[in-house]
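# Examination of the molecular architecture
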Amino acid sequence: MIEDPVLLNDWHPLAKSSDLEESSILPARLLDEDLVLWRSHGVVKAWQDLCVHRGTRLSLGHLEDGMLQCAYHGWTYNDSGECVRIPAHPEQKPPPTAKVKTYRCEERYGLIWACLGEPSREASEFEEWNDPSFRKILCGPYHYKASGTRAVENFLDVAHLPFLHAGILGEKAHAEIQDYEVQQDENGIIARNVRIWQPDPDGTGVGKGVTYTYKVMRPLSMYLCKDSTEGRFSIYATVRPTSEFESTAWFWIAMNYGQEIPEEEIISLQDQITAQDIPVVESQRPERLPLDLQAELHLRSDRIAVAYRKWLGRLGLTFGTA
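Below is a short write-up of the structure. (Residues numbered from 1 in each chain as written. Predicted model: local features only at pLDDT ≥ 70, side-chain atom pairs only at ≥ 80, totals over all residues. Heavy atoms only, no water.)

## Quick word on the sheet that holds strand β16 (residues 232-243)
Put simply, the rule reads: At least two DSSP bridges between two strands are needed for those strands to be called paired. Only DSSP runs of H or I reaching four residues or more are called helices, and only runs of E reaching two or more are called strands; each is numbered from the N terminus. Note on definitions: angles span 0 to 180 degrees between N-to-C directions of axes, and those axes are lines fitted to C-alpha atoms, for helices only across the stretch in contact. When checking whether two residues touch, look at their non-hydrogen atoms; a contact exists if any pair is within 4.5 Å.
Read across the sheet, seven strands follow the order β11-β17-β16-β15-β14-β13-β12 without closing on themselves; strand pairing throughout is antiparallel. Among the strands making up the open sheet, the edge pair consists of β11 (135-144) and β12 (181-185). Pairs of neighbouring strands in the sheet enclose a mean axial angle of 20°, with direction left out of account. Against the sheet, helix α2 (residues 148-156) touches β11, β14 (208-218), β15 (221-227), β16 and β17 (246-255), its axis set at about 10° to β15. Along the sheet face, helix α5 (residues 303-315) touches β12, β13 (188-198) and β14 and points at about 10° away from the line of β12.

## Topic: α5
As a reminder of what qualifies: Multiply 1.5 Å by the residue count of a helix minus one, and that product is the helix's expected span. Buried means the residue's accessible area, taken with a 1.4 Å probe over protein chains only, is under 20% of the maximum for its type, while exposed means over 50%, and partly exposed covers the values in between.
Between its first and last C-alpha, α5 extends 18 Å over 13 residues, near the 18 Å set by a 1.5 Å rise per residue. Among the residues of α5, those classed as buried are I304, A305, V306, A307, Y308, R309, W311 and L312. Contacts from the buried residues of α5 go to α2, β12, β13 and β14. Just downstream of α5, G316 is the residue with a positive phi angle, here 90°.

## A short note on the side chain of T321
Its place among the elements puts T321 in the segment after α5. With a relative accessible area of 8%, T321 lands in the buried category. With sequence-adjacent residues up to four places away left out, T321 is seen in contact with T149, R288, L289 and L291.

## With respect to the pattern of salt bridges
Formally: Only one rule defines a salt bridge in this text: a Lys or Arg side-chain nitrogen within 4 Å of an Asp or Glu carboxyl oxygen.
Tallied over the full model, the rule gives 18 salt bridges. Here R218 makes a salt bridge to D10, at a shortest N to O gap of 3.2 Å. You can see R218 sitting in strand β14 and its partner D10 sitting in the loop between α1 (5-8) and β1 (12-16), a full 208 residues away along the chain. Owing to a relative accessible area of 3%, D10 belongs among the buried residues under this scheme. With a closest N to O distance of 3.3 Å, D34 and R57 form a salt bridge. Here the residue D34 occupies a position in strand β3 (residues 33-40), and R57 occupies one in the loop between β4 (43-48) and β5 (62-64), the gap between them amounting to 23 residues. Since its relative accessible area comes to 23%, D34 is described here as partly exposed.

Written as structure tokens, this is what we have:
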């Protein structure tokens, strides 16, 4: 188990809820811990992926009468993680120590979340989730061979848009980033009045000057929105720290306009943008995000990233940082 209370006591996404059917078992990995996900009478469970008998992965097993049975020797665990049957010794009551390590787990925003420690708060808020006027489309998962903090900072970086995403989210001829505001407190970071020209920022094919608001609510969850005459476009993004140098992201896109745009086109556009980001993020060195501001050069356009690094330092985050 890692020794980073900031991430241990936070909620992290593991999979889409739709990926885990009632009869299925799903392995997952979070913070270097192997987990097994399954449902007992509709309620999702997140356990350590380890049978206490001989260390076999429980994700190789199967479900039986609302319980999870190990594939190796058939040890059977109830929904509390207690072994209730040992087939080789049916007359023997399993000892109290025959119990799987279980973790807090919940479903929110169409995702399965888990916390390996004691949750310090609820999963970060997705502002448009309960507003029926917004169409909500889930994109991902996107896998990075990079730390979650590197993936998040890329999401917050405005100045790369005219180059890495030229023709979609920016143009080299309009690369200047005007000044903007950033505020931070114990709850996170908010950057307002972030302005940039974008040829096709929302899949409508209409170029426009846009003004964004960025928020970082948790170390690995963030949000952006832009308001225009058409309506509001927003992205709620959250990253799973699989290991220190491997992460997975999901993006919820919310729009209260553009209902005629096929969902497949919106997902395809996000797939294209993220596919441009991933190799760059994976190439960054050092692999751990430097929290010492003297380690790299920073400009006015990097104001959000600087605020993010300062905030992580104050929180005491160590996993994936230097």
